[in-house]
Amino acid sequence: MADPSTSPPLTRASVAAARELIQPFVHRTPVISSSSLSALASTPGSTPASGSGETKEGGKGLAKPKLRLWFKCENFQKVGAFKARGAFHAIERLKLEPGWLAGGGAEMGVVTHSSGNHAQALSLAARENGIPAYIVMPSISAPPKIAATKGYGANVVFSGSTSVEREAVTMKVIEETGARLVPPYDHPDIILGQGTLGLEFQEQVTALMAEEDEKRSGKKDGHQEKPKKRKLDVILAPCGGGGMLSGVALSCEGTGIRVFGTEPSFQGADDAKRGYESGVRIETVSTLTIADGLRTPVGRVPWSVIYERRLVAGFYSVEERDIKRALRLAYERLKVVIEPSSAVPLAVALYNEDFRAMVEREAGEDGWDVGIVFSGGNVSLDALGKLFAEEEAAPEVTK
């Protein structure tokens, strides 16, 4: 993709510029709220385990924060995930790179190695611009993912399943075609593109809050109530490679909105949390968490925003069973289709006692308006059926 040295600086203003570039190509995804989930999140131990009426320890000794939840639904984005934003921005930045078009760059194409949402996002962005896309995928990739990627017009090239094998095949494609590599998260242009969802989120919640205040005003004997605050207090976002989390953090810089990363804890999937707390980025992760979109370590460029600039306020992690519980609530209460990775920030708001205690301590009676990013909804019905069947058979998942 574009030489990082030619990329705009990693600032909120650059995120705004990225939004202008990609506006014709992506959806402005909706923001929704839920009074029932906000009530559950504001009651200690009130959220029952799936299929039961039991409460966690009866709520004794647990935090009682006041939370108002807002959901940014990137599951309604093109290709079903936020990744479309970064992919379209990467392509638009490439087109602006001096000499790339004139030198035949568009004819040589772009390449990446991915079996997930980035593969489909880059395939779509390339197709919309008449540019060939080469997607290196492990031969063991799920058939629906292979079919979806091909459906967007990509040339799928198979490789082994290890990162070394994928990278070797990618380099061979580059040598043979001259295609430009577009990584899934570790590049300024990707980060800026993903950050555009954060700008939208802030604006949409502010507008929805204003609508709520207008409805309340004048309802009590013509007395106009004192206007409420007009912005989010916190955004919780899932973190895999960190491209979206760092982009959202940039979009909130200087606004007073705090951004926290959320991760699964299973088999060391909370690499960003551990790295943030130790001060050293963890470069390898090996986990089979159900939140499969979050199995990657944080990239170098996202880390510079997340940790070195401290634009992310901290990290929280959750267990597998809590991800499943949050996933079920999203389906049953919000009626939206999300993938397990998307349920992680909701699980933090509902079940992570460290986060909940922090909100209770710092927000007090006023409480906080908490934004939750639903990063995507690409999950098959077969996978969901298996996931919830396993939950019913063995509700206590190993940590």
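Residues numbered from 1 in each chain as written. Predicted model: local features only at pLDDT ≥ 70, side-chain atom pairs only at ≥ 80, totals over all residues. Heavy atoms only, no water.

(A) View of unusual backbone geometry. Even without a glycine there, the phi angle at valine 79 is positive, about 60 degrees. Residue placement: valine 79 occurs in the loop between β2 (67-73) and α3 (83-96). Residue class for valine 79 comes out buried when judged on its relative accessible area of 9%. Even without being glycine, lysine 335 reaches a positive phi, approximately 60 degrees. Examined against the element boundaries, lysine 335 turns out to sit in the loop between α12 (320-334) and α13 (340-351). (Helix = DSSP H or I, 4+ residues; strand = E, 2+ residues; numbered from the N terminus. Buried < 20%, exposed > 50% of the residue type's maximum accessible area, 1.4 Å probe, protein only.)

(B) Geometry of the environment of lysine 72. Among the structural elements, lysine 72 can be located in strand β2. With a relative accessible area of 0%, lysine 72 lands in the buried category. The spatial distance from the C-alpha of lysine 72 to the C-alpha of threonine 29 is 7.1 Å, given a sequence separation of 43 residues. The residues touching lysine 72, leaving out its near neighbours within four places in the chain, are Thr29, Pro30, Val31, Arg85, Leu197, Glu200, Phe201, Gln204, Ile372, Val373 and Phe374. A distance of 2.8 Å separates a polar side-chain atom of lysine 72 from the backbone oxygen of threonine 29. (Contact = heavy atoms within 4.5 Å. Polar contact = N/O pair within 3.5 Å; in protein donor to acceptor, adjacent residues only side chain to side chain.)

(C) The arrangement of the nonpolar core in detail. Membership of the largest hydrophobic core comes to 42 residues, with the highest contact counts inside it found for Leu69, Phe71, Leu236, Leu346, Ile372 and Phe374. Apart from the residues within four sequence positions on either side, phenylalanine 374 is in contact with Phe71, Lys72, Cys73, Glu74, Asn75, Ala330, Leu334, Val336, Ile338, Ser342 and Leu346. By size, the runner-up hydrophobic cluster in this structure holds 37 residues, among which are Leu245, Tyr276, Val301 and Val305. (Core = buried A, V, L, I, M, F, W, Y, C linked by side-chain atoms within 4.5 Å.)

(D) Focus on the packing of aromatic side chains. Scanning all chains against the criterion turns up eight aromatic pairs. Arranged with centres 5.2 Å apart and planes meeting at 5 degrees, the rings of phenylalanine 25 and phenylalanine 88 form a pair that is stacked. In this pair, phenylalanine 25 sits in the loop between α1 (12-22) and β1 (31-33) while phenylalanine 88 sits in helix α3, placing the two residues 63 residues apart along the sequence. Pairing phenylalanine 71 with phenylalanine 374 gives two aromatic rings, centres 5.0 Å apart and planes at 25 degrees, and the pair type is stacked. Of this pair, phenylalanine 71 sits in strand β2 while phenylalanine 374 sits in strand β10 (residues 368-374), and the two are 303 residues apart along the sequence. Each of the two residues, phenylalanine 71 as well as phenylalanine 374, counts as buried. Clustering of aromatic rings is evident, with ring pairs tying together Tyr276, Trp303, Tyr307 and Phe315. Positioned over the ring face of tyrosine 351 is arginine 325, at 4.1 Å from the centre of the ring. Positioned above the aromatic ring of phenylalanine 388, the side-chain terminus of arginine 328 is 4.7 Å from the ring centre. (Phe/Tyr/Trp six-rings, centres within 6.5 Å; stacked < 30°, edge-to-face > 60°. Lys NZ or Arg CZ within 6 Å of the ring centre and 35° of its normal.)

(E) Representation of the pattern of salt bridges in the model. Counted by the stated rule, this structure contains 20 salt bridges. Linked through salt bridges whose partners overlap, the residues forming this network are Lys72, Glu74, Arg85 and Glu200. (Salt bridge = Lys/Arg side-chain N within 4 Å of Asp/Glu carboxyl O.)

(F) View of helix α9 (residues 243-252). Counting buried residues along α9, ten of its ten residues qualify, which places the element largely inside the surrounding structure. What α9 keeps buried is the set Gly243, Met244, Leu245, Ser246, Gly247, Val248, Ala249, Leu250, Ser251 and Cys252.

(G) Main features of the sheet that holds β2. A sheet is described by the order of its strands in space; here six strands give the open sequence β1-β2-β10-β7-β8-β9, paired in mixed fashion. Of all strands in the sheet, those with a lone pairing partner are β1 and β9 (314-318), marking the two edges. With direction set aside, neighbouring strand axes in the sheet form an average angle of 30 degrees. Two elements, strand β7 (residues 234-238) and β10, share three bridges in a ladder whose sense is parallel. Considered in β10, the bridge of isoleucine 235 is made with glycine 371. Those strands touched by helix α8 (residues 188-216) are β1, β2, β7 and β10, and its axis lies near 130 degrees from that of β2. (Pairing = 2+ DSSP bridges. Axes fitted to C-alpha atoms, helices over the stretch in contact; angles between N-to-C directions.)

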